[in-house]
Structure formats: structure tokens, C-alpha cells
Amino acid sequence: MGPPPIVTGVSPKEGPPGTRVTVRGEFLGKTPQDLCGLTICGCDCLLSAEWKSPNKIIARSGPGKGKGEILVTTRSGGRGTCTVEFRGYHEMIGPMKETAVWVEEAPLRKMWWGRRGLTPTTYQHDDPLGISIEGVEQKFPEEGLHKLFPGGSGDLSSENFAAGWFLLERHHATPFDDLRAGLAFLRRKVDGQKEGQLSFIKSNVGSVMEQMDTLAQLKERFEEDVEKQGQDPTVRLEGAIKESMLEANKLFEDVLTRRERADATRSALAVLQRFRFLFGLPGAIEKNIKKGDYDAVINDYARVINLFGNTDVPVFKKVLAEVELRIAQLRKLLHHRLEEAPTSLEAQKKLIRNLVHLEEGGDPAWDAISCHSRHLTTTMIHCRDTNLAQEQAALEEGGKTPKSSKQKSTSSSNQNSDWQTSVPARVLLTEELADAISERFPDFWKLGQAYFTGELQVKVVPGRQQDFKKLVLASISLFSGLLRAALMPHTLVRTPAAERASYGVWHSRGMEGLGPWLPHCVRALRHAYSSLIRLDLPSEALDIVAGLIFDLRVHCMSTLLKQAGESIRNLHTQESWNIQFDGEHGGITHLPAECERVVAEALQLAKDSVLLSEQRETLLLDPDVVQRDLNNLIQNMLLGFVEVLDKLALGSDAIAGESPGVSQMIGSPAIFQVRGSDSVLDKGRGKDKESGPAWEQRLLCVLSNIEYTRSILLPRIADLFARYQLPAQTGPLAAVKKALTELDQRVLDAYLEQRSDPLVGTIEPSMYIGNFNWHTALKPMDVRPYVKELLTNLISVHAEVHSISPGLVWRVLPQLVETVAEELARLMVCLDKKFNVHGTQQACADIAAIREAVTVYSTPTAEAFFEEALEAIPRLSDVQGKRNVEDVLNNFRSRMRLQLLCFRDPKTPSTKSV
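Residues numbered from 1 in each chain as written. Predicted model: local features only at pLDDT ≥ 70, side-chain atom pairs only at ≥ 80, totals over all residues. Heavy atoms only, no water.

Further remarks concern the overall build of the protein chain. The secondary structure content of the protein chain amounts to 27 helices and 13 strands. Per-residue burial over the protein chain gives 42% buried out of 914 residues. Looking at the protein chain alone, contacts between residues at least 24 apart form 72% of all its contacts between residues at least 6 apart. For the protein chain, the exposed area adds up to about 49800 Å²; of that, 53% sits on carbon and sulfur atoms. (Helix = DSSP H or I, 4+ residues; strand = E, 2+ residues; numbered from the N terminus. Buried < 20%, exposed > 50% of the residue type's maximum accessible area, 1.4 Å probe, protein only. Contact = heavy atoms within 4.5 Å. Areas by Shrake-Rupley, 256 points an atom, 1.4 Å probe, with all protein chains shown as cover.)

Here is the structure:
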């Protein structure tokens, strides 16, 4: 598409219809064929448009009146815009100029005597005042004229002519003296036009000659007609009409004569046909039976009985015997067809009426009802046997379900790919039984209603209504029992063994994988149930199906939640340890999101097919037992995720570092791992450099997932329950929170044990490295190496925790600091104050340095241990000793400035050195 056309100029800016207008602008079409529309003042002027260039078009204005836009439309740019306006007005012959011709908008032509006719181009309005307005470009505003003369007009021929409008419109800039001169001119012109009719004829001699010629032509044509038709042409017309009437009467009389003759002939043939019908009736009956035209046979039979039923003529009796023989064969044929597979309801009614009209003994209507019931029962039993045999054959071959040509799909995330191309036999049974009930039971019910209402013209035998009700309940009960045996065998536990065996015994292995198809089965049953509701069945029959649907809904809900729980319990195999960070919750893996997805899919599927109750269905959560079972299922489903986290953190696979399905993550920036060969953290158990992060780091990931689940995921799941109109699951959610809290503490204790043991175990060996002795110590110049190593190890733990979940730092570091402080207090107490002066200074400096470095993460318990360690050291009494300790601390602060920044409170904005 190109740019739209833009009209920026027009010349002239006003004119009457037919004015040659030059339109200028941009993008007015690439070729003449590109131009597809041109309107001036709302009138289509495309026929007169002449495309010159993309910037110029010439056209004739239309009959538009007033100001309007000039819009150009092209195929390449569409409808354009306009920045200028064109004013159209209509020129009309004023009352001051006489004329005797009609001015037509036609091209110039020559009259037959050589004169030229007048056209609008040669006839123009003269100014009544005789004043020229050429050179006056400024127009008086038309809006102002409408305000000054509302309803007026400057048109000389208008009934609302206003002289002021005319003067302002055409002579608003004319001097007053010129107007006076124009008035004098107008008076002289009026006086000159009063000279008489002779001057008028002289000025219009051409028109007068044209009228004379027309009159001469009319006279010639009239004389020709008189010569052909005479002086009175109506006489001949009257004679023709009378002659036509006579011929019509003759024709009518002939028709009447032929009709009388035909009636006589028809009466004679009817007499002959009466006996011919009797002799030809046996052959006609056979022919109509072959064609299936039983109504014709019945009509002929009734007619012949009416005519010859009481005859004593031997020949007639012999023919009637043959007719009765063929009618007996017809009764047998109709009864046989009635007992065959039921056809449509109307066809069955027709068969019953035919048997009634043929006076067949017995009760054909009840026979049809009984046959229909037997066929419905046979059909359902056949469906059960066929699908049961298919499932057994498939189980013997080692498969789960038989293959089917039908293709089904479910929304379950755990559906095996085999299930996407096959349908279980029990699902096929549900579909076939639902179709049988939906398609054939309505005809069975309607046939019975027609029987009892007298529509079939059969006398109802007493007791048939109860028999019919038993047939209806038997069919519905069989339908329910077959489906319960196939889909919910546990609901038939209280049913007698013989009755339960009549419904069929299905293998328990066939229930495997049936869960994803249960919503489809619910929909199929609901479709059948809706067709039964429309029939206005007895409440006993509807209650049987309603109970079946309710139990299936409960079973479907339970199965969906159990499958969701199994899917959640298998999530540990999908853990890839890829951590996703956000500023609010720290680092978490994808497992919480997967858990939420599984729960949402299960609830969505349950809502679509189970939770919402349809017509004449019981609310799923009304019974207390169902509500209690639902709470237990939801609790077990959510506790499955707690089990997953427990297995990933504390399970044997997690401790051994062999968690299945873990992706390669060594070197991943999402996981901070200490790789130094001399680091104590490398000695932690469970480190698997080939399958993923170390066991300690997995513990941190699980802790982060636990916190996210407890604070974010569980409220979201609660919102899902509310969105899907489930009751508030406060009990299950509280139980899950409690389990998460317990697991969180166990995982945290495991991590602290894993990190604190090697951390504390290095203090004593490093304290006495190089045969250091507190009572032979030299003057201290710096803190001992064990202090630096201890702080370095704490920094490593801090970095490890912070890289995964910054929020866990405040839970891990304070407890590690307590452990370190306790170990220092134990070591100092064991020395029993065996310090020289320099040893005392060194010990005080070391403890003060450690205490000062971990101040942010220190707790009252840690402070108590630090005080206990200081009390085990002799007190410094001299000023020089205290100065030496302060010098050591200053040296420590200067050299370890970068390390000390690691222990700074992240909430403190200052970057000042410790």
C-alpha cells in the first residue's frame, strides 16, 4: 500500500454543476487505472475525471451545493484527505429575464431548419443591476448571511428571496453611487420589457417556428389515421368484440356437451370396475406387499369386505377366500417385522396400526414394547461381552488395553503416550452403553406412553402399567450395574453375588491407566442422563442414574487427586537443580512451580467434568463423608511434595549424591561451590562432581524450596481451591505447613552438622600449629593463623548460603557462630590459665578479633561463650599489655579489611571499615 492521496489545491474554488475543476495534490494515483474514486462536495465525479499526473486531475463538478471536500481514492493508497474546499451553487433563470424554451443540459445541436438551440453554456444570468463584479475576490461570509437573514436566500427565483442577502452576497464591496446607477438601470430594463408581446415574439422567433412545425406534424398524423380507420373507428372495434363473444359461447357449449358424455362414460366404467377390482385384488395385494405399500393393501381389504363381505355368490366367495389367505400372510409378515430389531418409533407405530386394522389377534403394541425391551437388554449385554473379551485378550498378550481406531486425548500430565493412541475397553463400553440408552431407550419409553394414552388404538390390558414400569427399571438397573462393574467395582460390594456376577467380572489389572478417561466417562453418562431427564421418567429410574453419576464423579475426583499425588511424588526424578533467582524469595528450583502446575491441572480437569453439578445432580461436596475423604486426598497429595523434598534432602540417593535425573551443573553460575583443594568444605560428604552440586548445597536448595512452598506456594494453592469453588482446606494446609516446618528443621540441622563439624574440628589443630604454647608465647604482632582460617571458613559458608538463598544466612551463620564460640570457650577453659604475659595478650587479641568480626551474627548464647573464654584467660592489668592487644587488633583490621566486609550487615549502607 502506498501513501493516501492528499488534495492541496483546487481551481476554481466555486462554480455551478459542470464546472471544469483542476485538482492538485500529492499521491493522486500512479496511473489512470489506479484512480478509482473522486467526489466533489459529496457527488461522484469519477466518470468525468481525467488523470494527468500523480499531482493533477481534471474533472467536472457534480450537482452538489454548498461547500464540501474533494476526496480522491486510489487502489494503491485508499481513500485520501483534503485541505481545501470547493463551493458549488446552482444557477437559475431569474424573473427579470423572459424565456420561451426549456434549458436542457445537452450538447449544442442544429435544428432542422439550421438554427442552433440554446444550452446552459450560452445562457447565463445577467446581473439585474448591470454592475460587473469582476475583480472582487473577497466574498461575504455565507455563515453571516444565514445569521442576518435566517431562512432567506439570494436566489432571484426563490420564494424566500431577500434583497439584502443578494446585495451583500454580490455587491458588498460596490460603492453606493454604483448601486444607485444599478437601480436606475434596473428600472429602465423593466420599462423596456413592457413594450408588448410583439417584441417578445421577435426575440423568440425560433421557438415560435419550432412550435408551428410541431403542430403541422400533428395535423398530418391525424389525417392519416382518419383515412385508415374512418371518421368513427369505434364501430369496427364494437363489431370485433361481439363476434368474439359469439365464438366463446359456441366453444363453451361444446365443452359442456363433451363433459356430459364423459360423465356417462365414467359411470359405466365404475360399474364395470366394481367387479374387476374384486377379481384383481389378490394380485394387487401381492404386488403392494412386495412394494411395501401396506396401507394400500389394508384400504383395499377394508373396501372389499364392505362391498362383498355378505355376498352369497360362489365365485365372489372363492375370491374372498384367496384374499383372506394373503391377508393372513401379511399379518404374519408384519408381526415378524415387529419382533425384529426395532426400527424408528414412527415405523413401529405404523406396523402396530396396520396389525390393528387387519384385526390381528393378541396385543401387537405390548408385543412391540416387550421386544424393544429385550433388544435393549441384549444390546447392552452384547456390548459388555465384546469389550470384556477384548480386554481379556489384551491382558493375555501383555498389554494394558486393546487398541481402538478411535483417538482420544486427555489433559493429564502423566498420561502415557500409549494411551494417546488407544482407548480402554471399559471406556468403549461406557460410550456404547450411553449411546444405546440415548438413542434407543427414548423410543422404548415413547412407545409405551403411546400405548397407554390410546394413540395406538389398542385396548390396554389391566396391570400393564406396572409391568412396563418393571421393564423400565430393569433396563436402567442393568445399565447402571454394567457400568459400576466396569468402572467402580468397589460400589457393588453390598450387591448379592449372583447379581454382581450377572454384570460381568472384570480383571483388576484393567483398572490401571483408566483414571485419565474417567472425566470422559462422566461426560458420556451426563449426555445419556440429560436425554432421560427430557423423557419425564419416574423418579426411581432417574435416581438410579443420578446415583451412578454421583458415585462416578466421586471416584473420578478421588482418582484425579491420587494421580496428581503420584505425579507430585515422582517430581524428585525431574529435579535438575537449576536455580531461579528473584529479589524477593531468593533461589528456588522448578519443583514448586511443577507442583503448582500439577495441582492446577487436576483441579481444572475436576472442575470441567466433576465439580460442577448439572441438572438434577447432587452437589459433590454435600455429603460429609465425601468432604472428609476429599480433605484426606488433598492432604495426601500435598504431603507428597513434602516427601519429595525430604527424599531430595535426606534420602539415601541424595546423601550418596546419586539422585536420578540430575543434570550436569559443575561450573554453573547459579550454584556457588568451593573448589579450593585446601578448603575444609571440600571434605563434606555427598559431593558428586559429575552429577550435580554437593549434598550440602542441595540441602540449601531444599531449604529455600521449603520456605517458598510454605510462604508462597501454599497460599497460591489455597487461592486455587477458592477459584474452583472448593471449600476452604484449612485442615490439609495446616498439616502440610506443620510437616514442612518439621522437615525444614531437620534439613537445617543436617546442614549445620555437615558444616559445623569440620569447621570446629580445625580450630584446635590450627591453634597449636608450629608447636605453639601459650605459656612460652612471644610478644604478639598479629592474630594467630587459626583465627584467619576460621574466618575464611565462615566466609566460605556465608558465600555458599548467600549464593543460593540470602535469607538463609541469618538462620545458618548465628548457629555456626554459637558453635565456634562454644569451642573457643572449651579450649580456653581446658588450659586452666596456663598463660604467660604474651600468651594472655595473644589469647585476648584472638578472641576479640573473632568476636568483633562476627558481631553481626552473634547471639546472646555466643556472647556468653565468648565471655566464658575470656574469663578463662588471666586479665590484663598493665596498660602496655592492653596497648599491645589494641595494636594487634588494629593490624588485624587493616590486613583483614576485605574479609571483615563479608560479615558486615547487608542492611547497613555504610562501607566504612570495621
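There's plenty left to go through after this.
Judged from the five bridges that link them, strand β3 (residues 20–26) and strand β7 (residues 56–60) form a sheet pairing that is antiparallel. The partner of arginine 24 across the bridge, within β7, is lysine 56. Sheet analysis places strand β6 (residues 50–53) next to β7, joined by three bridges and oriented antiparallel. Bridged to serine 53 within β7 is lysine 56. Counting the residues that bridge the hairpin from β6 to β7 gives two residues. (Pairing = 2+ DSSP bridges.)

Okay, the environment of lysine 317 next. Examined against the element boundaries, lysine 317 turns out to sit in helix α8 (residues 314–339). Residue lysine 317 is classed as partly exposed on the basis of its relative accessible area of 45%. Those residues in contact with lysine 317 that lie beyond four places of it in its chain are Thr311 and Asp312.

The next point concerns the packing of aromatic side chains. Enumeration according to the criterion identifies eight aromatic pairs in this entry. With 4.8 Å between their ring centres and 85 degrees between their planes, phenylalanine 772 and tryptophan 774 make a pair best called edge-to-face. Relative accessible area serves as the criterion here: at 1%, tryptophan 774 is assigned to the buried category. Pairing tryptophan 810 with tyrosine 857 gives two aromatic rings, centres 4.8 Å apart and planes at 40 degrees, and the pair type is tilted. Here tyrosine 857 lies in the loop between α24 (837–853) and α25 (860–871) and tryptophan 810 lies in helix α23 (residues 809–831), a separation of 47 residues in the sequence. Look at tryptophan 810 and you get partly exposed, because its relative accessible area is 36%. Members of the aromatic cluster, joined through ring pairs, are Phe441, Phe444, Trp445, Phe452 and Phe468. Cation over ring: arginine 784 sits above phenylalanine 772, and NZ or CZ is 3.9 Å from the ring centre. (Phe/Tyr/Trp six-rings, centres within 6.5 Å; stacked < 30°, edge-to-face > 60°. Lys NZ or Arg CZ within 6 Å of the ring centre and 35° of its normal.)

Taking 1.5 Å as the rise per residue, α25 with twelve residues should run 16 Å; its terminal C-alpha atoms sit 16 Å apart, in good agreement. For α25, the complete set of buried residues consists of Ala862, Phe865, Phe866 and Ala869. All buried residues of α25 project into a common sector of 100 degrees when viewed along the axis, lining one side. Seen from the buried face of α25, the exposed residues on the opposite side, beyond 90 degrees, are Pro860 and Glu871. (Expected span 1.5 Å × (residues − 1). Arc of directions from axis to C-beta.)

Averaged over every residue, the pLDDT of the protein chain is 77; the share at 70 or more is 82%. Note that residues 652–690 has pLDDT below 50 and, in this model, 90 contacts with residues that lie over four places away or in other chains. For the stretch residues 908–914, pLDDT sits under 50, and the model shows ten contacts to residues farther than four places along the chain or on other chains. (pLDDT = per-residue confidence, 0-100.)

If the charged atoms of two oppositely charged side chains come close together, the side chains can form a pair. All chains considered together, the criterion is met by 27 salt bridges. Here arginine 826 ties to glutamate 764 by a salt bridge, and the two come within 3.5 Å at their closest N and O atoms. With arginine 826 in helix α23 and glutamate 764 in helix α21 (residues 763–767), this residue pair connects regions lying 62 residues apart in the sequence. Here glutamate 764 falls in the partly exposed class, since its relative accessible area comes to 37%. Here glutamate 867 ties to arginine 851 by a salt bridge, and the two come within 2.8 Å at their closest N and O atoms. Placement of the pair is glutamate 867 in helix α25 and arginine 851 in helix α24, with a sequence separation of 16 residues. Where salt bridges share partners, they join Glu14, Arg87 and Glu169 into one cluster. (Salt bridge = Lys/Arg side-chain N within 4 Å of Asp/Glu carboxyl O.)

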